[in-house]
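Examining the three-dimensional arrangement
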Amino acid sequence: MSDIDVLLQENRRFAPPGHFSEQAHVNSWALHQSAAADMEGYWASRARELDWFTPFTSVLEWTPPRAKWFTGGTLNVAYNCVDRHISTARRNKAAIIFEGEPGDRRTLTYWDLYVEVRKCASMLKSLGVQKGDRVGIYLPLIPEAAIAMLACARIGAIHSVVFGGFSPESLRDRMNDAQAKVVITADGGYRRGQVVPLKRNTDKALEDAPSVQHVIVVQRRPGGLGDESFADMREGRDHWWHRLMAHASTDCPAEPMDSEDVLFILYTSGTTGKPKGIVHTTAGYLTGVAATTRDVFDLKDDDVFWCTADVGWITGHSYLVYGPLANGATIVMYEGAPDWPDKDRFWEICARHGVTVFYTAPTAIRAFMKWGDHWPTRHDLSRLRLLGSVGEPINPEAWVWYHEHIGHGRCPIVDTWWQTETGAIVISPLPGITTTKPGSATKALPGYTAELLDANATVIPTGGGLLALTRPWPSMLRTIWGDDNRYVETYFSKWPGRPDLYFPGDGAKRDDDGFFWILGRVDDVLNVAGHRIGTMEVESALVEHPAVAEAAVVGKVHELKGQALAAFVTLRTGFHHSSELRDELKAFVADKIGAIARPDDILFSADLPKTRSGKIMRRLLRDIAEGRALGDTTTLADPNVVAGLKEQYESQE
Ligand code: WT7
């Protein structure tokens, strides 16, 4: 059965429990209606929930494909996430409950955060960081990551967080593209009991990143990590975070920023070999994330919210840091792996800290299912009241398991569709009003308009089509850093003559109730364990290896990861395939990009299937990688190539 058929047969319905609806922030569909009737008025009122230094004078200026939101106003994101809570009862409330993988724990109240953010902001200033400068952040998932992000926001510096699992080369490319002045890193971070040598990686990256003048190094554990080589400090360039912070002043006012000033750049994969620096701005982004955090996660003052994402991804930006803190929430931050030291680490954390709202990815849920029901059963999960999912389509089986074994049938599930580019959740249930269907992200939230379109931009009311957002929204990306043409090309050129239509790159189905069922990417972008990887990026990495002449990478269905990478490789003359070379190539890619890009399969081939015009036929390669009967090969230059490949692939297993 195809994915579409499975989804079409899903007819279970989960109405919001009465006890939940009664107390929910959003408990009627009136919000959708009023927002649809006056979209700008709706967003203006959401923007006014923030604290402004100067009120905005215009809500939306839209000249497709460009939109500006809330112009004329000034505000500061760090002020909204921290300072404004200090004058309220939240002053001594826990902002961040941190747990390191080795078991170290720290709690920072809003007051603590207020102190740390101002000191960090002063520290950055003392190293010459000014408004508009770029700061790279390459840290483990520790409180300093949030502090550094907020400190940048406070002084108007633009942060670019790079996930700690990325390689030195990936870090280097991003720092060069952003022309970063400072990098904030740590001597190391913990992952499955091992130290990830972030400082060593940074040193390697900076061998060829001349814009970076200073490196600030967080000592992950007081006294160091037991191996001096984790933190080889270079005189003049490198500074210990704790030393500078000890002398940093708390006197550092929040810079008034224009609504459209850049808040951050976050790199994500696209269809070329080069990642895109997605640019988000100040007021629209914060309005979008603050409003959706409040409504979708129904956050109340006594909630403990745990979003398991790393700050290196957009989910960590929007729903670990900015959205929850703008709402004055208590967040849980956990550094490490879900199966360390054992497979119940997440449930132990939920129970210990009394987590009430839990947000994770389908790939994690599928791993929990596989590990067995007995792991969550050991812990008291009775405080959980709402569950969320993000990153890829959630299969109904995983949805129902999550509902039963984690939510005990009591917690609504919000399956949230969005992207790095959308900044905030776009399509999602609202837990107090939406009757959910496992596998469907349901409907666009108030203030958003999503449609399915065909190739001619005609709306498809029910059936399959291309997902499009037909009106701008406050937290949308504004451009691609340094490559504005690519912005227009990638997102606003799918339907010729219609620069008003945003194309996310996803295909979807719409059912008779108007619910969306996201089917996945329709471009050459893969979603591996909820992380976006461009096939071209992996291909470019492979061809840098001296043995490789040509490479083609496709996605194949994977039980846990959703998709996994399969690479088809032709070797240069003089090189011979072997299992050693296969392992070497896998390691080579992991080294070049990061472990998330390591191919599961590598298949050697004398040739790759191409059309007569020389285009690699990925569809055929996918068929082979997934063990399907071969599709149409009539346009193929040499049909024998495919038959040979398929035979090899099958004998490899
Ligand atoms: C792509 C965006 C949004 C944060 C995590 C990923 C897929 C995301 C869902 C969902 C089906 C989803 C889409 C999207 N995706 N959430 N709930 N159901 N698909 O961010 O790396 O920017 O990737 O992830 O394909 O385009 P990202």
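Residues numbered from 1 in each chain as written. Predicted model: local features only at pLDDT ≥ 70, side-chain atom pairs only at ≥ 80, totals over all residues. Heavy atoms only, no water.

**Structural notes on the overall build of the chain**
The following threshold applies: By definition, any uninterrupted DSSP run of H or I lasting at least four residues is a helix, any uninterrupted run of E lasting at least two residues is a strand, and each is numbered from the N terminus. This radius of gyration counts C-alpha atoms alone. The globule rule is 2.2 Å times how many residues there are, raised to the power 0.38. Partly exposed describes any residue whose relative accessible area lies between the buried limit of under 20% and the exposed limit of over 50%, with all areas from a 1.4 Å probe on protein chains only and scaled to the type maximum.
The helix and strand tally for the chain stands at 21 helices and 30 strands. Since a compact globule built from 653 residues should have a radius of gyration of about 26 Å, the 24 Å found for the chain is in line with a globular shape. Structurally, the chain occupies a C-alpha span of about 75 × 60 × 55 Å along its principal axes. Counting across all 653 residues of the chain, residues that qualify as buried make up 62%.

**Some points on the domain arrangement of the chain**
Think of interface size as the accessible area that goes away when the parts come together; that is how it is often given. To keep it simple, the criterion reads: Start and end points for every domain follow an automatic or database-based domain assignment. Any two residues having at least one pair of non-hydrogen atoms within 4.5 Å are treated as being in contact. Values labelled buried area give the accessible surface lost by two parts on being combined, using a 1.4 Å probe and summing over both. Here a salt bridge means any side-chain nitrogen of Lys or Arg lying within 4 Å of a carboxyl oxygen belonging to Asp or Glu. Residues adjacent in sequence count toward polar contacts only when both atoms are side-chain atoms; beyond that, a polar contact is any pair of N or O atoms within 3.5 Å, and within protein one must be able to donate a hydrogen and the other to accept it.
As far as domains go, the chain holds domain 1 (18-176 + 191-491) and domain 2 (529-652). Using C-alpha coordinates to define each centre, domain 1 is positioned 33 Å away from domain 2. Each partner contributes to the interface: domain 1 provides 23 residues, whereas domain 2 provides 20 residues. With both chains or domains summed, domain 1 and domain 2 bury close to 1600 Å², and 47% of this area falls on carbon and sulfur atoms. Linking domain 1 to domain 2 there are two salt bridges. Note that E421 and R532 form a salt bridge whose closest N and O atoms lie 2.7 Å from each other. For the interface between domain 1 and domain 2, the tally reads eleven residue pairs in polar contact (both at pLDDT 80 or more). Those elements that provide at least two residues to the side of domain 1 that touches domain 2 are α8 (168-178) and α14 (362-371). If you tally residues by element for the side of domain 1 that touches domain 2, the top one is α14, at four residues.

**Digging into the site of the ligand**
Convention followed: Working definition: residue near molecule or strand if any one of its non-hydrogen atoms lies within 4 Å of it. Each accessible area is a Shrake-Rupley result for a 1.4 Å probe, and residues are judged covered by the shown protein chains and nothing else. Charged means Asp, Glu, Lys or Arg here, nonpolar means Ala, Val, Leu, Ile, Met, Phe, Trp, Tyr, Cys or Pro, and polar covers whatever is left, Gly included.
As a matter of local geometry, the ligand sits amid 17 residues, with D415, T416, T420, D506 and R532 nearest to it. Backbone polar atom of T416 to a nitrogen atom of the ligand: 2.7 Å apart, as the coordinates give it. Q419 is positioned with one of its side-chain polar atoms (N or O) 2.9 Å from an oxygen atom of the ligand. Burial of the ligand by the protein amounts to 95% of the accessible area it has alone, namely 550 Å². Of all elements in the fold, only α12 (314-326), β20 (413-416) and β25 (516-521) reach the threshold of two or more residues within the shell around the ligand. Class assignment of the residues belonging to the shell around the ligand gives a composition of six nonpolar, six polar and five charged.

**Concerning the side chain of H403**
Structurally, the position occupied by H403 is in helix α16 (residues 396-406). On the basis of relative accessible area, H403 is assigned to the buried category, the value being 10%. Those residues within four positions of H403 in sequence are excluded, and the remaining contacts are F14, H408, G409, C411 and I413.

**Topic: the packing of aromatic side chains**
To describe a pair of aromatic rings, one takes the distance between the centres and the angle between the planes. To keep it simple, the criterion reads: Put simply, two rings from Phe, Tyr or Trp (the six-membered ring, in Trp's case) pair if the centres are within 6.5 Å, and we call them stacked under 30 degrees between planes, edge-to-face over 60, tilted for the rest. Here, a charge over a ring is recorded when the distance from Lys NZ or Arg CZ to the ring centre is within 6 Å and its angle to the ring normal is within 35 degrees.
With the rule as written, the count across this model stands at 36 aromatic pairs. Seen from their ring centres, Y42 and W43 are 5.0 Å apart, and the 65 degrees between their planes marks the pair as edge-to-face. By relative accessible area, which is 7% here, Y42 ends up buried. Classification of W43 by relative accessible area gives buried; the value is 1%. Each ring, one from F163 and one from F166, has its centre 6.0 Å from the other, and the planes form 85 degrees; the classification is edge-to-face. Like F163, the residue F166 is buried in the burial classification. Members of the aromatic cluster, joined through ring pairs, are W306, Y334, F346, W347, F358, F368 and W371. It is R118 that lies over the ring of Y114; its NZ or CZ is 3.6 Å from the centre. When the ring centre of W371 is taken as origin, the NZ or CZ atom of K343, which lies over that ring, is 5.7 Å away.

**So, the environment of D83**
Mapped onto the fold, D83 is located in helix α5 (residues 77-86). Once you skip the residues sitting within four places of it in the chain, D83 turns out to touch A78, Y114 and R154.

**Here we look at the sheet that holds strand β16 (residues 304-307)**
Inclusion rule: Whether two strands pair depends on DSSP finding at least two bridges between them. Where helices are involved, their axes are fitted lines through C-alpha atoms of the stretch in contact, as for all axes, and angles between N-to-C directions lie from 0 to 180°.
Read across the open sheet, the seven strands follow the order β5-β4-β17-β16-β18-β19-β20; overall the sheet is mixed. Among the strands making up the open sheet, the edge pair consists of β5 (105-109) and β20. With strand direction ignored, the average angle separating the axes of adjacent strands in the sheet is 20 degrees. Direction of pairing for β16 relative to strand β18 (residues 357-360): parallel, over a ladder of three bridges. Counted as the bridge partner of W306 is F358 from β18. This element, helix α13 (residues 345-353), spans β4 (94-99), β5, β16, β17 (330-334) and β18 of the sheet and lies at about 145 degrees to β4.

**Focus on helix α4 (residues 39-47)**
Along α4, the residues classified as buried are M39, Y42, W43, A44, R46 and A47. Tucked into the core, α4 has its buried residues touching α3 (30-37), β2 (66-69) and α11 (282-296).

**Some points on the packing of helix α7 (residues 143-155) against α12**
Heads up, the rule is: Our angle categories are set so that under 35 degrees counts as roughly parallel, over 145 as roughly antiparallel, 65 to 115 as roughly perpendicular, and the remainder as oblique. If you view the pair so one helix is near and one far, a crossing is left-handed when the near helix is turned anticlockwise from the far one by less than a right angle, and right-handed when it is turned clockwise.
One can describe the packing of α7 onto α12 by two numbers: an axis separation of 11 Å at closest approach and a directional angle of 60 degrees. One way to sum up the angle between α7 and α12 is to call them oblique. As for the relative orientation of α7 and α12, their crossing is right-handed in sense. For the pair α7 and α12, the contacting residues are A146, M149, L150 and A153 in the first and H317, V321, Y322 and L325 in the second. Each residue belonging to the contact of α7 with α12 can be placed in one class, and the counts come to seven nonpolar, one polar and no charged.

**As for the pattern of salt bridges**
Per the counting criterion, the structure on display carries 50 salt bridges. Here D173 and R172 are joined by a salt bridge, their closest N and O atoms 3.1 Å apart. R172 sits in the partly exposed class, given a relative accessible area of 23%. One connected set of salt bridges, linked through shared partners, spans E99, R105, R345, E348 and R352.

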